[in-house]
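# Survey of secondary and tertiary structure
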Amino acid sequence: MDRKWIGTIAAACALLTLLFIAHGFPYDALGVRTVAALEQSTGGHLEYANFRSVFTWAGPVLQWQDVTYRDADGNQLEFERARIRAGWSFAWLAGTPVLHVELTGPGGRIAG
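Here we summarise the structure given alongside this text. (Residues numbered from 1 in each chain as written. Predicted model: local features only at pLDDT ≥ 70, side-chain atom pairs only at ≥ 80, totals over all residues. Heavy atoms only, no water.)

### Comments concerning the pattern of salt bridges
Scanning the model with the defined rule gives 3 salt bridges in all. Between R70 and E47 there is a salt bridge; the shortest N-O distance is 3.3 Å. With a gap of 23 residues between them, R70 in strand β3 (residues 59–70) and E47 in strand β1 (residues 45–47) connect regions that are remote in the sequence. Judged by relative accessible area, which is 36%, E47 ranks as partly exposed. A salt bridge links E102 to R81; its shortest N-O distance comes to 2.8 Å. Of this pair, E102 sits in strand β5 (residues 99–105) while R81 sits in strand β4 (residues 76–86); the two residues are 21 residues apart in sequence, bridging distant segments of the chain. Look at E102 and you get buried, because its relative accessible area is 11%. (Salt bridge = Lys/Arg side-chain N within 4 Å of Asp/Glu carboxyl O. Helix = DSSP H or I, 4+ residues; strand = E, 2+ residues; numbered from the N terminus. Buried < 20%, exposed > 50% of the residue type's maximum accessible area, 1.4 Å probe, protein only.)

Have a look at this one:
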């Protein structure tokens, strides 16, 4: 097979993968599952006004706006924005996923 065709096929595969990530991936379902997993693991309740996927230089991001988290004791945390994305780490190659979380609220920003 000609090198030109191999390059063309590789570029087409990369383009189709990016198209799927941008338009075909079920980000809404992933957002619902993420909230459900957080609530189940902490025993708290999360409310938010808006959810959407955002694309940044680091890749796709799940973003919630106007977030209120209440724990089982009734303590409450409020954030203007909460973002979660895959963390850039070699831990993924070992089968240990890493997430990057960013919380922005009245008191400032927490990221890590």
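This is not the end of the story, as more comes after the structure.
### Comments concerning the nonpolar core
General note: in soluble globular proteins, nonpolar side chains tend to be found buried as a group. If you look at the biggest cluster of nonpolar residues, it comprises 10 residues: Y27, V35, L46, F51, L62, W64, V67, Y69, F79 and A82. Listed by contribution, the elements that provide at least two residues to this core are α2 (27–42), β3 and β4. Take this core: its biggest share by element is 4 residues, from β3. When sequence neighbours within four positions are dropped, the list of residues in contact with F51 reads Y27, D28, G31, L62, Q63 and W64. (Core = buried A, V, L, I, M, F, W, Y, C linked by side-chain atoms within 4.5 Å. Contact = heavy atoms within 4.5 Å.)

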